[in-house]
Amino acid sequence: LCHIQMRDQLINFNVRSAQCREDSDKHLIHSVIGRWYSEDEVDEDEGLENFQRIVSTQTLKEVEASLGPRGALPLKHLVVLSLAGSWGALDWIASLARAQ
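Peer 1: Hey, could you run me through a negative patch on the surface in this one?
Peer 2: Judged by side-chain charge, Glu-39, Asp-40, Glu-41 and Asp-43 come together as a negatively charged surface patch. What makes Glu-39 exposed here is its relative accessible area of 69%.

In structure tokens, the structure reads:
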């Protein structure tokens, strides 16, 4: 991802639109995030909104600071980003191996 695309994704991040493999996982993740980020640890909607605001503001600032003024990704970020696609492929290979 180039710097501009990453920035746009963080600015437009919507926790409710994030995808999970299983709907039950999504419900659990929303519940946990909602409790962690709500003022009273009860209001899930408030917690999700707070989390979303943090991602699109604080996280954005931290990512931009780590990328530097040119927007070139440091090696450690490139490694992490490249691994993200690899885990899905490894999961698929493992499922094929189990099926045989």
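Peer 1: Explain the packing of helix H2 (residues 23–37) against helix H3 (residues 44–67) to me, please; I cannot follow it from the model alone.
Peer 2: Angle between the axes and distance between the axes are the two parameters that describe a pair of packed helices. Packing of H2 against H3 brings their axes to within 7 Å, and their N-to-C directions diverge by 85°. Comparing the axis directions of H2 and H3 gives the class roughly perpendicular. Residue-level contacts link His-30, Ser-31, Ile-33, Gly-34 and Tyr-37 of H2 to Glu-44, Glu-46, Gly-47, Leu-48, Asn-50, Phe-51 and Ile-54 of H3. When its residues are assigned to classes, the contact of H2 with H3 shows five nonpolar, five polar and two charged.

Peer 1: Got a minute to help me understand H3 in this structure?
Peer 2: Given 3.6 residues per helical turn, the α-helix brings residues three or four places apart onto the same face. For H3, spanning 24 residues, the distance from its first C-alpha to its last is 32 Å, which sits close to the expected 34 Å at 1.5 Å a residue. Of all the bends in H3, the greatest measures close to 35° and is centred on Val-55. The complete set of buried residues in H3 reads Gly-47, Leu-48, Asn-50, Phe-51, Gln-52, Val-55, Ser-56, Leu-60 and Leu-67. Where H3 is buried, its residues contact helix H1 (3–11) and H2.

Peer 1: Looking at this structure, I do not really get the pattern of salt bridges. What am I missing?
Peer 2: Side-chain pairing between opposite charges can occur once the charged atoms of the two side chains come close. Going through the model one piece at a time under the given rule, you end up with three salt bridges. For Arg-16, the salt bridge identified is with Asp-45, shortest N-O distance 3.2 Å. Residue Arg-16 is located in the loop between H1 and H2, and its partner Asp-45 is located in helix H3; the two are separated by 29 residues in the primary sequence. On the basis of relative accessible area, Arg-16 is assigned to the partly exposed category, the value being 31%. A relative accessible area of 49% means that Asp-45 is categorised as partly exposed.

Peer 1: Just checking my understanding: could you explain the nonpolar core for this structure?
Peer 2: Generally speaking, soluble globular proteins have nonpolar side chains that are buried together. In this structure, Met-6, Leu-10, Val-15, Ile-33, Leu-48, Phe-51, Val-55, Leu-60 and Leu-67 together form the largest nonpolar core, which totals nine residues. Residue assignment for this core shows that the elements contributing at least two residues are H1 and H3. Counting residues per element, this core draws most heavily on H3, at five residues.

Peer 1: What is the right way to look at the packing of aromatic side chains in this model?
Peer 2: Here a ring pair, both rings aromatic, is described through the centre-centre distance and the interplanar angle of the planes. Scanning the model with the defined rule gives two aromatic pairs in all. When the ring of Phe-13 is compared with that of Phe-51, the centres are 6.0 Å apart and the planes differ by 75°; the resulting orientation is edge-to-face. Separated by 38 residues along the polypeptide, Phe-13 in the loop between H1 and H2 and Phe-51 in helix H3 bring together distant segments of the chain. Since its relative accessible area comes to 26%, Phe-13 is described here as partly exposed.

Cut-offs and rules
Residues numbered from 1 in each chain as written. Predicted model: local features only at pLDDT ≥ 70, side-chain atom pairs only at ≥ 80, totals over all residues. Heavy atoms only, no water. Patch = residues over 30% accessible without salt bridge, like charges linked within 9 Å, V, L, I, M, F, W, Y side chains within 5 Å. Areas by Shrake-Rupley, 256 points an atom, 1.4 Å probe, with all protein chains shown as cover. Salt bridge = Lys/Arg side-chain N within 4 Å of Asp/Glu carboxyl O. Lys, Arg positive; Asp, Glu negative; His and termini not counted. Charge placed at Lys NZ, Arg CZ, Asp CG, Glu CD. Buried < 20%, exposed > 50% of the residue type's maximum accessible area, 1.4 Å probe, protein only. Axes fitted to C-alpha atoms, helices over the stretch in contact; angles between N-to-C directions. Helix = DSSP H or I, 4+ residues; strand = E, 2+ residues; numbered from the N terminus. Parallel < 35°, antiparallel > 145°, perpendicular 65-115°, else oblique. Contact = heavy atoms within 4.5 Å. Nonpolar A, V, L, I, M, F, W, Y, C, P; charged D, E, K, R; others polar. Expected span 1.5 Å × (residues − 1). Bend = angle between axes of the 7 residues up to and from the residue. Core = buried A, V, L, I, M, F, W, Y, C linked by side-chain atoms within 4.5 Å. Phe/Tyr/Trp six-rings, centres within 6.5 Å; stacked < 30°, edge-to-face > 60°.

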